[in-house]
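Chain by chain, the residues:
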Amino acid sequence: MSEAAGLRQRRPPRPPVVTDESQTPEAPDGSSFSGRVFRVTFLMLAVSFTVPLLGAMMLLDSPIDPEPLSFKEPPLLHGVLQPNTKLRQAERLFENQLIGPESITNIGDVMFTGTADGRIIKIENGEIETIARFGSGPCKTRDDEPACGRPLGIRVGPNGTLFVADAYKGLFEVNPWTREVKLLLSSNIPIEGRKMSFVNDLTITRDGKKIYFTDSSSKWQRRDFLLLIMEGTDDGRLLEYDTETKEVKVLLDHLRFPNGVQLSPEEDFVLVAETTMARIRRVYVSGLTKGGVDLFVENLPGFPDNIRPSSSGGYWVGMSTIRANPGFSMLDFLSERPYIKRMIFKLFSQETVMKFVPRYSLALELSSSGAFKRSLHDPDGQVATYISEVHEHDGHLYLGSFRSPFICRLNLQSL
């Protein structure tokens, strides 16, 4: 062997050259190393999120114990119910000067309302004045409500005084000129063995002798109204208070969130909105059918709040939220799924859940027989939101809302 040949044999082998075309070695199953790292990381994150979630679902108590409820398919939003933007013609009054003006009434051109900070307000010539308070305290949050009071339904009596239903305190009579406040019926007094936890709305006879009012629940207070709706509790009542004898009678029991009430023009029956069930019941209080009960209207396109008379002889109904059809109604979907309701309120507060409630606003006019007559909409809630009441006065509609910092006014002639 030549010397040159020997040198070639002893030359060390060249190292392999790595180029851009080289590939990452694959695992036997064909997956790359980076892919496996991603899947492991994702799995660890999923486990770290799911395990505490499942633990919370198993260990935490739900504040509600709902039962399944059955609803008919919501009415189609066609014809009289066809969506429109008529509510957007409304103007906002006293914006950021009022907190949750739910119910509204008038004595002449002077307007009165109750607000979420526990006040009875008089509005005259554009000036806002507090004329009464039923409670005391800072009145800043929902947890302050029991001490502060929360005026809801408000009506004018035959002698020019105001009759007010306070959710926590009971029934009151207020002289708007002298500011004298008289407690008629305290919520602390049990009625037929049950307390009144959520006094809501009232309607009064022309002679002022009878007040018909709702106690929405014996269990839930107003600040927990969403839990009342979601649980579907049937402990609400329609009651009658005699202003002369001071006696109280239960006219109708086992209602699911009885809300707004309205006497008929002839005062022979009382309408009561059963919010959770999206319907209005009729209770006869005089005449041959006294004591009878039937459905005035069922399967409403939303969940009704207050009922007030319309100039056409029918009734205005404020809808707290809509049951969209076509579309999706969360409350209808959850009605037959109590296990989902329990899970939701194990994990989220009422305030969080309210953020998912549609801002769609709807005011509905019913005929004297309960037929749909016309509907006013604001699909995005741009002007009016969460309508509690539609109060008609002097050719205008005034819209109250338990969550809005204003009153809306709409000219009927523009519709």
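Above this text you will find the structure in question.
In this text, all values refer to a predicted model and were calculated from it rather than measured experimentally.

What counts and how
- Numbering of residues starts from 1 in every chain and runs along the sequence as written.
- Per-residue local features of the predicted model are confined to residues with pLDDT of at least 70, and side-chain atom pairs are confined, for both listing and counting, to 80 or more; whole-chain, interface and lining totals are unaffected and use all residues.
- Hydrogens are left out, water is left out, and the side-chain values use all remaining heavy atoms of the structure.
- Our working definition of a disulfide is a cysteine sulfur pair at a distance within 2.5 Å.
- Only protein chains enter the accessibility calculation, which uses a 1.4 Å probe; a residue is then buried when its area is under 20% of its type maximum, exposed when over 50%, and partly exposed in between.
- Within this analysis, patches are made of residues with over 30% relative accessible area and no salt bridge. Like charges are joined at 9 Å or less; nonpolar side chains (Val, Leu, Ile, Met, Phe, Trp, Tyr) at 5 Å or less.
- In this description, accessible areas are obtained by the Shrake-Rupley approach with a 1.4 Å probe, and a residue is regarded as covered only by the protein chains that are shown.
- Salt bridge criterion: a side-chain nitrogen from Lys or Arg within 4 Å of a carboxyl oxygen from Asp or Glu.
- Strands are runs of DSSP state E lasting at least two residues, helices are runs of H or I lasting at least four, and both sets are numbered from the N terminus onward.
- Each Phe, Tyr or Trp ring (for Trp, its six-membered ring) is paired with any other whose centre lies within 6.5 Å, and the angle between the two planes then decides the class: stacked below 30 degrees, edge-to-face above 60, tilted in between.
- What makes two residues a contact is simply this: any of their non-hydrogen atoms within 4.5 Å.

Chemist: Talk me through the state of the cysteines; I want residue IDs and the actual numbers.
Modeler: As used here, a disulfide is simply a covalent bond connecting the sulfur atoms of two cysteines. Following the criterion strictly, the structure yields 1 disulfide and no others. Paired through a disulfide, cysteine 139 and cysteine 148 show a sulfur-sulfur distance of 1.9 Å. One quick way to see it: the torsion about the S-S bond of cysteine 139 and cysteine 148 is about 105°, and its sign makes the bridge right-handed. Considered together, cysteine 139 and cysteine 148 belong to a single accessibility category, that of buried residues.

Chemist: Got a sec to walk through a nonpolar patch on the surface? Specific residues and values, please.
Modeler: Together, Met343, Leu347 and Phe348 make up a nonpolar patch on the protein surface, roughly 240 Å² of accessible area in all. Tracing the chain through its elements places methionine 343 in helix 6 (residues 338-347). On the basis of relative accessibility, which here comes to 32%, the residue methionine 343 falls in the partly exposed class.

Chemist: Lay out the packing of aromatic side chains in plain terms, naming residues and giving numbers.
Modeler: Per the counting criterion, the structure on display carries 10 aromatic pairs. Ring plane angle 80° and centroid distance 5.4 Å describe the contact between phenylalanine 225 and phenylalanine 402, whose orientation is recorded as edge-to-face. Linking phenylalanine 225 in helix 4 (residues 225-231) with phenylalanine 402 in the loop between strand 23 (396-401) and strand 24 (407-411), this pair joins segments that are 177 residues apart in sequence. Each member of the pair, phenylalanine 225 together with phenylalanine 402, is buried. Look at tyrosine 386 and phenylalanine 402: their rings are 6.2 Å apart centre to centre, the planes differ by 50°, and that puts the pair in the tilted class.

Chemist: Residue-level account of the environment of leucine 364, with values.
Modeler: Summarising the element assignment, leucine 364 is placed in strand 20 (residues 361-366). Residue classification places leucine 364 among the buried positions, given a relative accessible area of 0%. In this structure, the C-alpha to C-alpha distance between leucine 364 and leucine 376, residues 12 residues apart in sequence, is 6.4 Å. Filtering out sequence-adjacent residues up to four positions away, leucine 364 remains in contact with Leu81, Leu300, Pro301, Tyr315, Trp316, Val317, Met319, Phe372, Arg374 and Ser375.

Chemist: Tell me about unusual backbone geometry, residues and numbers included.
Modeler: A cis amide bond links asparagine 325 to the next residue, proline 326, at an omega of 5°. As for its placement among the helices and strands, proline 326 is situated in the loop between strand 19 (315-322) and helix 5 (330-335). For asparagine 125, which is not a glycine, the phi torsion comes out positive at approximately 55°. Within the fold, asparagine 125 resides in the loop between strand 4 (119-124) and strand 5 (127-133). Non-glycine residue glutamate 267 carries a positive phi angle of around 60°. Structurally, glutamate 267 can be placed in the loop between strand 14 (258-263) and strand 15 (269-274). Residue glutamate 267 is classed as buried on the basis of its relative accessible area, which comes to 19%.

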